[in-house]
Amino acid sequence: MTQESHKRPLAVIALGGNAILQPGQKGTAEEQIENVRIAMSSITGIIEEGYDVIITHGNGPQVGNILLQNEEAADVVPAMPLDICGSQTQGMIGYMIQRSMANELAKKGIKKNVATIVTQVQVSPDDPAFKNPTKPIGPFYKEEEAKNLMAEKGWVLKEDAGRGWRRVVPSPNPVSIIEKNVIKTLVNDGYMVVASGGGGIPVMIDESGKIEGIEAVIDKDYAGECLALDVEADIFVILTDVEKVALNYGKPDQINLGKVTIDEMREYANQGHFKAGSMGPKVASILRFIDSGGKRGIITSLDKARAALKGNAGTEVVAK
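Residues numbered from 1 in each chain as written. Predicted model: local features only at pLDDT ≥ 70, side-chain atom pairs only at ≥ 80, totals over all residues. Heavy atoms only, no water.

Taken over all residues, the pLDDT of the protein chain has a mean of 93, while the share at 70 or more is 98%. This stretch, residues 1-6, has a pLDDT under 50; its non-local contacts, to residues over four places away or in other chains, come to 18 contacts. (pLDDT = per-residue confidence, 0-100. Contact = heavy atoms within 4.5 Å.)

Take a look at the structure:
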């Protein structure tokens with residue numbers, strides 16, 4: 001295929017987990033590929049609107065399955081560390097997106113290739129998250145198993161609401177996307193890029209420039225915001241399972257938000273409207289993007305993405 005190389009506005013699109021694996025599904029290849037196909041059909045609409053697109057995505061269920069496979073097959077093959085497990089999911093999900101997007105673009109006669117970049121994300125060794133691991137990963141264990149793992153492997157495991165013990169790892173803030181120049185070059189040459197999947201692979205860089213992978217998980221929304229800034233995106237879009245961010249969510253006096261300023265959204269966040277485990281990181285990452293010079297930040301559902309870019313749906317945060 002020939003590539004489009006003219007300058008178009010650039011949108012970084014962060015896919016929520018439901019775009020790849022929905023609640024109640026087993027996680028078969030067929031289920032995930034069909035979910036991705038539907039997502040890519042929607043995102044081609046954004047390309048038709050005249051945008052260059054970078055896609056980033058979650059990987060929670062997929063990396064969880066790999067960690068479970070590690071445990072079950074530990075006596076047969078060596079278990080891989082968390083950074084390598086994350087790289088595996090980037091390749092797997094990237095392939096699903098590449099294949100599905102290529103098919104959807106071909107249907108619409110759009111000449112554009114897709115490339116997945118296995119993405120490393122730099123974090124700081126001084127990040128306070130390393131002193132307080134909070135991100136649960138992998139399977140549940142009985143108390144005796146958990147204590148043995150802590151002694152043998154040096155893991156941190158915590159009891160999880162009566163469901164058993166689970167490993168927790170640090171969730172540091174992203175500092176920089178290592179492959180940002182590669183990604184920018186591909187976009188400028190007309191490619192659609194898949195990058196920073198699952199929050200990226202957390203790495204540290206020492207004084208000599210040596211890169212080392214670490215056992216941690218970066219929040220995918222924060223990593224998406226870091227990616228959007230590093231590639232100088234015009235718009236950062238987070239796609240989730242609701243059309244709009246809401247105040248008093250799920251209550252009789254729920255208020256859905258349309259276009260709001262960064263000061264208004266920050267005040268709503270300070271009032272406690274957005275929970276840490278759901279909308280909180282999404283709102284925080286949009287605020288970071290606008291605070292750092294980004295033009296538009298949007299949170300909406302997959303089916304409303306095209307309309308949201310036109311200003312006809314979703315929640316949009318702007319500087320003023």
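With that settled, consider the sheet that holds strand β9 (residues 192-195). If you walk across this open sheet you meet the eight strands as β3-β9-β2-β1-β12-β16-β17-β15, and the pairing is mixed. What marks the edges here is a single partner per strand, and that holds for β3 (114-117) and β15 (259-261). Geometrically, the sheet is characterised by an average inter-axis angle of 20° between neighbouring strands, direction not taken into account. (Pairing = 2+ DSSP bridges. Helix = DSSP H or I, 4+ residues; strand = E, 2+ residues; numbered from the N terminus. Axes fitted to C-alpha atoms, helices over the stretch in contact; angles between N-to-C directions.)

Think of a sheet as strands paired side by side through backbone hydrogen bonds, with each pair either parallel or antiparallel. An order of β8-β4-β10-β11 is seen for the four strands of this open sheet, with the pairing classed as mixed. In this open sheet, the two strands that pair with only one neighbour each are β8 (176-177) and β11 (211-213). Across two bridges, the pairing between strand β4 (residues 120-122) and β8 is antiparallel. Counted as the bridge partner of Val121 is Ile177 from β8.

Here the focus is helix α6 (residues 220-230). The buried fraction of α6 is high, at nine of eleven residues. Along α6, the residues classified as buried are Asp221, Tyr222, Ala223, Gly224, Glu225, Cys226, Leu227, Ala228 and Asp230. Glu232 sits one or two residues past α6 and shows a positive phi near 60°. (Buried < 20%, exposed > 50% of the residue type's maximum accessible area, 1.4 Å probe, protein only.)

When two helices pack together, their arrangement is captured by the angle between the axes and the distance separating the axes. For the pair helix α7 (residues 262-270) and helix α8 (residues 279-291), interaxial distance at closest approach is 10 Å and the crossing angle is 150°. Judged by the angle between their axes, α7 and α8 are roughly antiparallel. Where α7 crosses over α8, the handedness of that crossing is left-handed. Between α7 and α8, the residues in contact are Ile262, Met265 and Arg266 and Val283, Leu287, Ile290 and Asp291, respectively. (Parallel < 35°, antiparallel > 145°, perpendicular 65-115°, else oblique. Left-handed = near helix turned anticlockwise from the far one by under 90°.)

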